[in-house]
Amino acid sequence: PRYPAVLCTSRNEVIVHGIPRKDDVLVDGDIIGIDFGIFREGFCADTARTVMVGQVSAANRLLVDTCREALDRAIALCVPGARLGDLGSAVQSHAESRGFSVVRQFVGHGTGRAMHEDPQVPNFGKANDGKRMKSGLVIAVEPMVNAGAPDVEELDDEWTAVTKDGSMSAHFEHTIAILDEGPWVLTRPASTPGNPAHDRD
């Protein structure tokens, strides 16, 4: 079915594609992923971040921080000549070093005139493997990191994807232009070519 809202809100064990509902009320300690795309002058950018609500447990804070850091590590490798496997390896190794798992059922993607274009950008893999990135390529990198196992279950609405074991999940995403000067994070206001900056709480 067609997605029924303008953004995705993925709370706690929801990995991605959560549908906003009036009866789904945030409470202290929740984490919630907010994911949306923007079309401007014929081009698309896609972004997401996980927000912590009130007093979040140390375990959930570590999960969110780890996912954000994994994305930063992947962005640093978004340079001409690097391979897509370098990005996936960076995300996977950082998440697993903290005892978390990386979702494999959903991946990042190229973006441009349409939201989802080639190539696919997995959040797992081996360094020095996969297609090489060229200057001018624009991709959306979006690690999804689970506190438990990586397995995914889709709810009856045919959109909402949750962790099969009910564990918490975090999701961050940025759209990055691969340039000779270095990565340009198009969905970070403070970013410039070669100076991707960092997300701030």
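Residues numbered from 1 in each chain as written. Predicted model: local features only at pLDDT ≥ 70, side-chain atom pairs only at ≥ 80, totals over all residues. Heavy atoms only, no water.

1. A short note on the side chain of Thr 175
Basically, it comes down to this: What counts as a helix is a DSSP run of H or I of at least four residues, what counts as a strand is a run of E of at least two, and both are numbered from the N terminus. Residues adjacent in sequence count toward polar contacts only when both atoms are side-chain atoms; beyond that, a polar contact is any pair of N or O atoms within 3.5 Å, and within protein one must be able to donate a hydrogen and the other to accept it. Residue contacts are counted whenever heavy atoms from the two residues lie within 4.5 Å of one another.
Secondary-structure assignment places Thr 175 in strand 13 (residues 174–179). A polar side-chain atom of Thr 175 sits 2.7 Å from the main-chain carbonyl oxygen of Asp 46. Not counting chain neighbours up to four residues away, the residues in contact with Thr 175 comprise Ala 45, Asp 46, Thr 111, Val 138, Ile 139, Ala 140, Trp 184, Val 185, Leu 186 and Thr 187.

2. Some thoughts on the sheet that holds strand 5 (residues 101–102)
Note the threshold: Any two strands with at least two DSSP-identified bridges between them are counted as paired.
Reading across from one edge, 5-9-12 is the order of the 3 strands in this open sheet, with antiparallel pairing throughout. Each having just a single partner strand, strand 5 and strand 12 (169–171) make up the two edges of the open sheet. With 3 bridges joining them, strand 9 (residues 144–146) and strand 12 adopt antiparallel strand pairing. In the strand pairing of strand 12, Asn 146 is matched with Ser 169.

3. As for the layout of surface pockets
The criterion, for reference: Every definition here rests on a 1 Å grid over the protein atoms only: cavities are sets of points where a 1.4 Å probe fits but cannot get out, pockets are open sets enclosed by protein on both sides within 12 Å along at least five of seven lines, and lining residues have some atom within 4 Å of a point. Grid points are joined across faces, edges and corners, and a volume is the space filled by probe spheres set on the points. Throughout, the ten residues Ala, Val, Leu, Ile, Met, Phe, Trp, Tyr, Cys and Pro are labelled nonpolar, Asp, Glu, Lys and Arg are labelled charged, and all others, Gly among them, are labelled polar.
Each pocket or cavity is described by its volume, and for the largest pocket that value is around 520 Å³. As for the largest pocket, its lining consists of 26 residues, and the residues nearest its centre are Ala 45, Thr 47, Leu 186, Thr 187 and Arg 188. With 6 residues, the single largest contributor to the lining of the largest pocket is strand 4 (residues 43–52). Taken together, the residues of the lining of the largest pocket sort by class into 13 nonpolar, 8 polar and 5 charged. The calculated volume of the second largest pocket comes to roughly 420 Å³. Along the walls of the second largest pocket sit 19 residues, with Cys 8, His 17, Asp 35, Met 115 and His 116 positioned nearest its centre. A total of 3 residues in the lining of the second largest pocket trace back to one element, the largest contributor, which is strand 3 (residues 31–40).

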